[in-house]
Amino acid sequence: MSSQPLSPQDAAKKHAAEAAIPYIEEGSIVGVGTGSTVNFFIDALAKVKFDLEGAVSSSEESTKRLKALGIPVYDLNGVPEVTVYVDGADEINRHLQMIKGGGGALTREKIVAAVAKTFICIADKSKYTLKLGDFPLPIEVIPMARSYVARELVRLGGDPVYREDFITDNGNIILDIHHLDILEPIKLEEAINNITGVVTNGLFAARSADIALLSDGHTIETLTR
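How each quantity is defined
Residues numbered from 1 in each chain as written. Predicted model: local features only at pLDDT ≥ 70, side-chain atom pairs only at ≥ 80, totals over all residues. Heavy atoms only, no water. Salt bridge = Lys/Arg side-chain N within 4 Å of Asp/Glu carboxyl O. Helix = DSSP H or I, 4+ residues; strand = E, 2+ residues; numbered from the N terminus. Buried < 20%, exposed > 50% of the residue type's maximum accessible area, 1.4 Å probe, protein only. Axes fitted to C-alpha atoms, helices over the stretch in contact; angles between N-to-C directions. Parallel < 35°, antiparallel > 145°, perpendicular 65-115°, else oblique. Left-handed = near helix turned anticlockwise from the far one by under 90°. Contact = heavy atoms within 4.5 Å. Nonpolar A, V, L, I, M, F, W, Y, C, P; charged D, E, K, R; others polar. 1 Å grid on protein atoms, 1.4 Å probe; cavity = no way out; pocket = protein on both sides within 12 Å on 5 of 7 lines; lining within 4 Å. Points joined across faces, edges and corners; volume = space filled by probe spheres on them. Pairing = 2+ DSSP bridges. Right-handed = clockwise from strand over helix to strand, strands pointing away. Core = buried A, V, L, I, M, F, W, Y, C linked by side-chain atoms within 4.5 Å.

(A) Molecular detail of the pattern of salt bridges. Counted according to the given criterion, the structure contains 15 salt bridges. Notably, a salt bridge pairs Lys 14 with Glu 18, separated by 2.7 Å at the nearest N-O pair. Separated by 4 residues within a single helix, Lys 14 and Glu 18 lie in helix α1 (residues 8-19), roughly one turn from each other. By relative accessible area, which is 31% here, Lys 14 ends up partly exposed. Classification of Glu 18 as partly exposed rests on a relative accessible area of 31%. Its salt-bridge partner being Arg 163, residue Asp 176 comes within 2.8 Å of it at the nearest N-O pair. One end of the pair, Asp 176, is in strand β9 (residues 173-178); the other, Arg 163, is in the loop between β8 (159-162) and β9, and 13 residues separate them in sequence. With respect to burial, Asp 176 and Arg 163 carry one shared label: buried. Three or more residues joined by partner-sharing salt bridges are found here, namely Asp 87, Lys 100 and Glu 109.

(B) Structural context of the packing of α1 against helix α2 (residues 36-46). At a minimum axis separation of 8 Å, α1 and α2 run at an interaxial angle of 50 degrees. Here α1 lies oblique to α2, going by the angle between them. For the pair α1 and α2, the sense of crossing is right-handed. Together, Asp 10, Lys 13, Lys 14, Ala 17 and Glu 18 of α1 and Ser 36, Thr 37, Phe 40, Phe 41 and Ala 44 of α2 make up the contact between the two elements. For the contact of α1 with α2, a count of residues per class yields 4 nonpolar, 2 polar and 4 charged.

(C) Inspection of the layout of surface pockets at higher detail. Estimated volume of the largest pocket: approximately 280 Å³. Lining the largest pocket are 16 residues, with Val 56, Ser 57, Asp 75, Leu 76 and Arg 108 positioned closest to its centre. If you list the elements that add at least two residues to the lining of the largest pocket, you get β2 (54-57), α3 (60-68) and α4 (106-115). With 4 residues, the single largest contributor to the lining of the largest pocket is α4.

(D) Structural view of the sheet that holds β8. The strand order across the open sheet formed by 4 strands is β8-β9-β7-β10, and the pairing between neighbours is antiparallel. Either end of the sheet is taken by a strand with one partner, and the two such strands are β8 and β10 (198-201). Taking each pair of neighbouring strands and ignoring which way they run, the sheet shows an average axis angle of 30 degrees. As paired elements, strand β7 (residues 137-141) and β9 share 5 bridges and run antiparallel to each other. The residue of β9 that forms the bridge with Pro 138 is Asp 176. With respect to the sheet, helix α6 (residues 185-193) is in contact with β7 and β10, its orientation differing from that of β10 by roughly 165 degrees.

(E) Highlighting unusual backbone geometry. Its identity as a non-glycine residue notwithstanding, Leu 96 has a phi of 65 degrees, on the positive side. Here Leu 96 lies in the loop between β4 (91-92) and β5 (98-99). Phi at His 179 takes a positive value of approximately 65 degrees, unusual for a residue other than glycine. Looking at where His 179 falls in the secondary structure, it is placed in the loop between β9 and α6. Since its relative accessible area comes to 62%, His 179 is described here as exposed.

(F) Layout of the pairing of β2. With burial as the criterion, each face of β2 is covered, one bearing Gly 54 and Val 56 and the other bearing Ala 55 and Ser 57. Regarding the hand of the β-α-β motif, the stretch spanning strand β1 (residues 29-32), α2 and β2 is right-handed.

(G) Looking closely at the nonpolar core. Residues Ile 24, Val 30, Val 32, Phe 41, Leu 45, Val 86 and Ile 122 are the most contacted members of the largest nonpolar core, which totals 23 residues. When contributions to this core are tallied by element, the ones reaching two or more residues are α1, β1, α2, β3 (84-87), β6 (118-124) and β12 (211-215). With 6 residues, α2 is the largest single contributor of residues to this core. With 20 residues, the next largest nonpolar core counts Tyr 85, Ile 92, Cys 121 and Leu 223 among its residues.

The structure is reproduced here in structure tokens:
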């Protein structure tokens with residue numbers, strides 16, 4: 001029975017994901033992100049799995065998918081280095097700064113990105129934007145601080161919405177911030193992270209991607225910083 005054809009957006013995601021494979025070094029431990037585009041990357045990674053030592057994963061979901069395909073997954077604390085980290089984005093700008101965390105894995109994604117020597121963003125071209133903020137900014141928050149953090153975020157000009165029936169892999173909650181005017185991403189990232197009770201936020205600006213592979217389904221546009 002033949003599989004269903006991919007939608008144009010999924011075809012672009014798959015194309016971008018496969019474009020990241022040549023960046024993976026033989027014998028390395030690759031950092032793997034989370035999300036629909038990364039799922040295509042994991043599928044492509046399975047084809048070269050015997051050239052890898054293994055992977056470090058940013059979520060339980062990706063870990064399960066990697067293991068199901070026979071790719072060893074290691075604890076980040078137990079590996080000497082992560083040469084390349086590959087992940088998607090909810091939005092990305094020309095400086096390769098991103099909003100991430102639509103799937104709720106932003107904290108672990110940020111940790112792996114901080115460790116990796118090279119951070120590659122894979123995305124379909126619809127994720128590219130001149131100014132970040134149309135996509136709601138996710139904030140991971142310690143549960144008891146939810147109301148306090150929400151009030152502080154209102155003071156920053158945002159409209160926080162509690163993500164109901166969702167708990168992160170770290171046991172925390174997510175506030176999605178709508179209508180933020182993100183003119184200075186690095187400053188805003190720092191300001192939000194300084195609110196007591198915030199674990200981290202989904203602005204990847206201080207640690208942006210090093211390379212972005214953006215696909216329209218036919219061609220890859222490669223951006224670097």
